Amino acid sequence: MFLYTDIGTAFACKNSHKIQSINDLNWSDNFGTVILSHVDILSQTLKINVAEQFIEMCLLHKKNLFLFDENDYFGKYPYVELVKIFERNNLWIHKPEKNCTVNFQWGGKLYNIHCPILCVAGTDSSQGKFTIQVALRNFLRRQNIKVSNFGTEPTSELLGFEGIYTFGYNAYMPFEGWKNIIAINYALQKLERDSPDIIITGLQSRTIVPNIAAFKSYPIK
């Protein structure tokens, strides 16, 4: 057994990238796309609409924009109108989208998934659940194992995951609870058609309860 101090060492995926302040960003630099994470709490704290400011800066400096939030409005801008505005400027703006066409007339029947599925779960946020999924993907592929990833985070699309169904922070859920389960099962079945050796996915925070005595910590809705 090998013991490691961090995921980067274990799966040989360490990097030396540094996180810098947005105030140091030079919008004239040679980059094409801005990735904007969830900014609602930041907007409340600063008392400004951060998303709206980034939208205007991207249009001014000719940058594409990938959004984590799945809102219908970003400040004063309806998302459908933003798509048209960016297109008129030969740019694109995109947010995670669920394109699942599911027949709900089957009475809740589910597909049997025969491919092995590895699910990464945890008791809280910031534990590295998504990082482990990406690291495992890279590690197994280096061993010539055919991996398909089913992502539940907005970054899944940026990293080329084969299947995506966001249901984490600030995600839009198109169906009522039980229908989302059918939609996810259908999406996994579509991945299986490509005959992967394994499917890797993950769950959101607190799916595994930290304290079995605290009923309020159970993820029941």
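Residues numbered from 1 in each chain as written. Predicted model: local features only at pLDDT ≥ 70, side-chain atom pairs only at ≥ 80, totals over all residues. Heavy atoms only, no water.

Q: Teacher, can you tell me more about unusual backbone geometry here?
A: A positive phi angle, near 60°, is found at Lys-62, a position not held by glycine. Positionally, Lys-62 belongs in the loop between helix H3 (50-61) and strand E2 (64-67). With a phi angle near 65°, Asn-144 is a residue other than glycine that sits in the positive phi range. Secondary-structure assignment places Asn-144 in the loop between helix H5 (129-142) and strand E7 (147-151). (Helix = DSSP H or I, 4+ residues; strand = E, 2+ residues; numbered from the N terminus.)

Q: Sorry, what's going on with the sheet that holds strand E8 (residues 163-164) here?
A: Working definition: the strands of a sheet are paired by backbone hydrogen bonds and lie parallel or antiparallel to each other. Read from one edge to the other, the open sheet built from four strands follows the order E6-E9-E7-E8, with strand pairing classed as parallel. The open sheet is flanked by strand E6 (117-120) and E8, the only strands paired with a single partner. Judged from the four bridges that link them, E7 and strand E9 (residues 198-202) form a sheet pairing that is parallel. Each residue of the ladder has a partner; that of Asn-149, found in E9, is Ile-200. Of the strands in this sheet, E6, E7 and E9 are in contact with H5, which crosses E9 at around 165°. Sheet contacts for helix H7 (residues 177-192): E6, E7, E8 and E9; angle to E7, the most-contacted strand, approximately 160°. (Pairing = 2+ DSSP bridges. Contact = heavy atoms within 4.5 Å. Axes fitted to C-alpha atoms, helices over the stretch in contact; angles between N-to-C directions.)

Q: Is there a simple way to explain the pattern of salt bridges in this structure?
A: Side chains that carry opposite charge are capable of pairing whenever their charged atoms lie near each other. What the rule picks out here adds up to five salt bridges. Linking Lys-76 and Glu-56 is a salt bridge whose minimum nitrogen-to-oxygen distance equals 3.8 Å. With Lys-76 in the loop between strand E3 (73-74) and strand E4 (77-78) and Glu-56 in helix H3, this pair connects stretches of sequence that are 20 residues apart. Residue classification places Lys-76 among the exposed positions, given a relative accessible area of 54%. Accessibility expressed as a relative area gives 33% for Glu-56, which makes it partly exposed. The partner of Arg-141 in a salt bridge is Glu-162, and the shortest N-O contact between them spans 2.8 Å. One end of the pair, Arg-141, is in helix H5; the other, Glu-162, is in the loop between helix H6 (155-158) and E8, with 21 residues separating them in the sequence. Residue classification places Glu-162 among the partly exposed residues on the basis of a relative accessible area of 36%. (Salt bridge = Lys/Arg side-chain N within 4 Å of Asp/Glu carboxyl O. Buried < 20%, exposed > 50% of the residue type's maximum accessible area, 1.4 Å probe, protein only.)

Q: Any chance you could explain the packing of aromatic side chains here in plain terms?
A: Geometry of an aromatic ring pair is reported as the spacing of the ring centres plus the angle between the planes. Counting across every chain of the model gives six aromatic pairs. Between Trp-27 and Phe-31 the ring centres are 6.3 Å apart and the planes differ by 50°, which places this aromatic pair in the tilted class. Classification of Phe-31 by relative accessible area gives partly exposed; the value is 23%. When the centroid spacing of 6.2 Å and the interplanar angle of 40° are considered together, the rings of Tyr-111 and Tyr-186 count as tilted. (Phe/Tyr/Trp six-rings, centres within 6.5 Å; stacked < 30°, edge-to-face > 60°.)

Q: Looking at this model, I keep getting lost on the environment of Thr-155. Mind explaining?
A: Among the secondary structure elements, Thr-155 is positioned in helix H6. For the pair Thr-155 and Phe-68, spaced 87 residues apart in sequence, the C-alpha separation works out to 7.7 Å. When near neighbours in sequence (up to four residues on either side) are disregarded, Thr-155 contacts Phe-68 and Phe-130.

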